[in-house]
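Listed below are the residues making up each chain.
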Amino acid sequence: MRSKLHNLKSIATLVAMLFLWTACENEVKEVQALARDERIPMEVQRDFVLRYSDSSFYRMELMAPLAESYPQLDIPQREFREGINVRFLDALGQETSRLRAEYALQLIDKDLWEARGDVVVVNEKGEQLNTEKLFWDARTEKIYSDEFVKITTKDQIIMGEGFQADQNFSSYELDRVTGQLNIEDDAS
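The following paragraphs examine the structure supplied in this document.

Calculation notes
- Residues numbered from 1 in each chain as written.
- Predicted model: local features only at pLDDT ≥ 70, side-chain atom pairs only at ≥ 80, totals over all residues.
- Heavy atoms only, no water.
- Helix = DSSP H or I, 4+ residues; strand = E, 2+ residues; numbered from the N terminus.
- Buried < 20%, exposed > 50% of the residue type's maximum accessible area, 1.4 Å probe, protein only.
- Contact = heavy atoms within 4.5 Å.
- Pairing = 2+ DSSP bridges.
- Salt bridge = Lys/Arg side-chain N within 4 Å of Asp/Glu carboxyl O.
- Core = buried A, V, L, I, M, F, W, Y, C linked by side-chain atoms within 4.5 Å.
- Phe/Tyr/Trp six-rings, centres within 6.5 Å; stacked < 30°, edge-to-face > 60°.
- Lys NZ or Arg CZ within 6 Å of the ring centre and 35° of its normal.

### Quick look at the overall build of the protein
Then, number 1: On a plain count of helices and strands, the protein comes out with 1 helix and 11 strands.
Then, number 2: What you see in the protein, going N to C, is helices and strands ordered as α-β-β-β-β-β-β-β-β-β-β-β.
Then, number 3: The buried share among the 188 residues of the protein stands at 37%.
Then, number 4: Put simply, of all contacts in the protein between residues at least 6 apart along the chain, 37% involve residues at least 24 apart.

### Considering the pairing of strand E4 (residues 84-89)
A regular strand carries its side chains on alternate faces of the sheet.
Then, number 1: As defined by bridge partners, strand E2 (residues 57-70) adjoins E4 across 4 bridges and the pair is classed as antiparallel. The residue bridging Leu62 from the neighbouring strand is Val86, located in E4.
Then, number 2: Between E4 and strand E5 (residues 95-101), which pair antiparallel in sequence order, lie 5 residues; one of them, Gly93, sits at a positive phi of approximately 85 degrees.

### Remarks on the environment of Asn85
Then, number 1: For Asn85, the location among the structural elements is in strand E4.
Then, number 2: Placed 22 residues apart in sequence, Asn85 and Met63 show a C-alpha to C-alpha distance of 5.3 Å.
Then, number 3: Apart from the residues lying within four places of it in its own chain, the contact partners of Asn85 are Glu61, Leu62, Met63, Leu99 and Arg100.

### Considering unusual backbone geometry
Then, number 1: At Asp111, a residue that is not glycine, the phi angle is positive and equals roughly 50 degrees.
Then, number 2: Assignment of secondary structure puts Asp111 in the loop between strand E6 (103-107) and strand E7 (112-123).
Then, number 3: Even without a glycine there, the phi angle at Phe169 is positive, about 55 degrees.
Then, number 4: Topologically, Phe169 is positioned in the loop between strand E10 (156-166) and strand E11 (172-182).

### A short note on the pattern of salt bridges
Then, number 1: For the structure shown, the criterion picks out 9 salt bridges.
Then, number 2: Where Glu114 meets Arg116, a salt bridge forms, and the shortest distance between an N and an O atom there is 2.9 Å.
Then, number 3: The exposure class assigned to Glu114 is buried, which follows from its relative accessible area of 16%.
Then, number 4: What you see here is one network of salt bridges that share partners, running through Arg51, Glu61, Arg87, Glu95 and Arg98.

### Examining the pairing of E10
Then, number 1: Two strands pair when backbone bridges link them, and strand E9 (residues 142-152) and E10 are joined in this way by 9 bridges, in the antiparallel orientation. Residue pairing in the sheet places Ile143 in a bridge with Ala165 of E10.
Then, number 2: Between the end of E9 and the start of E10, which pair antiparallel, lie 3 residues.
Then, number 3: Bridging between E10 and E11 involves 9 bridges; their strand directions are antiparallel. Residue pairing in the sheet places Gln156 in a bridge with Asn182 of E11.
Then, number 4: Linkage of E10 to E11, two consecutive antiparallel strands, is achieved through a turn of 5 residues, within which Phe169 is found at a positive phi near 55 degrees.

### A word on the nonpolar core
Then, number 1: Counting residues in hydrophobic clusters, the biggest one holds 29 residues, and the most contacted among them are Leu62, Phe80, Ile84, Leu129, Leu134, Ile143 and Phe163.
Then, number 2: Those elements that provide at least two residues to this core are strand E1 (43-54), E2, E4, E5, E7, strand E8 (128-137), E9 and E10.
Then, number 3: Sequence-distant contacts of Leu134, that is, excluding residues within four places in its chain, are made with Leu99, Trp113, Glu114, Ala115, Val119, Val121, Leu129, Ile143, Tyr144, Ser145 and Phe163.

### Description of the packing of aromatic side chains
Then, number 1: According to the stated counting rule, one finds 6 aromatic pairs in the structure shown.
Then, number 2: Ring geometry for Phe80 and Trp113: centres 5.6 Å apart, planes at 20 degrees, overall stacked. Pair noted here: Phe80 is in strand E3 (residues 77-80) and Trp113 is in strand E7, with a separation of 33 residues, a long-range link.
Then, number 3: Residue classification places Trp113 among the buried positions, given a relative accessible area of 3%.
Then, number 4: On the basis of an interplanar angle of 90 degrees and a centroid distance of 5.1 Å, the ring pair of Phe88 and Trp136 is categorised as edge-to-face. Placement of the pair is Phe88 in strand E4 and Trp136 in strand E8, with a sequence separation of 48 residues. Trp136 carries the same exposure label as Phe88, and that label is buried.
Then, number 5: Geometry around Tyr58 places Arg51 over its ring, the cationic atom sitting 5.4 Å from the centre.

Given below as structure tokens:
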């Protein structure tokens, strides 16, 4: 009798534990599903700094006041709602260009970036690109846009719709030039 009672208690305990375990597992799955469906950052970092290196040399340095990571999404991403400042460097660590934007989004697995809001790129010659939206493919080291762009050189302002360039913005092509102004030197 005592053995049957002990077995009955053991079975009841097992059933209760199984019920609780299943209930907890369901709650965990619900939370994971909610996080997947909603844009809830899994990591929040202040004063974020990211450096890419190649052959032990820094090739890029990105700084942002705020970075929010979403690794749980179908396409894992990192969002920079307070903007970014990026410096591209040569093999000697010298700055070849810089990029600034009010907002950025990184698709982590694709290493594809989108910069928006007063995007400015300046190369080592002092040429400046202004646009409202720009994409940067870190794998191919290309920047491009299909939006309005303005490029200011020492003697010209060129406007167009869309462009592509290397990430250092040292060589570039505009898709559709919509205007070109020559800048005259006041000294002449």
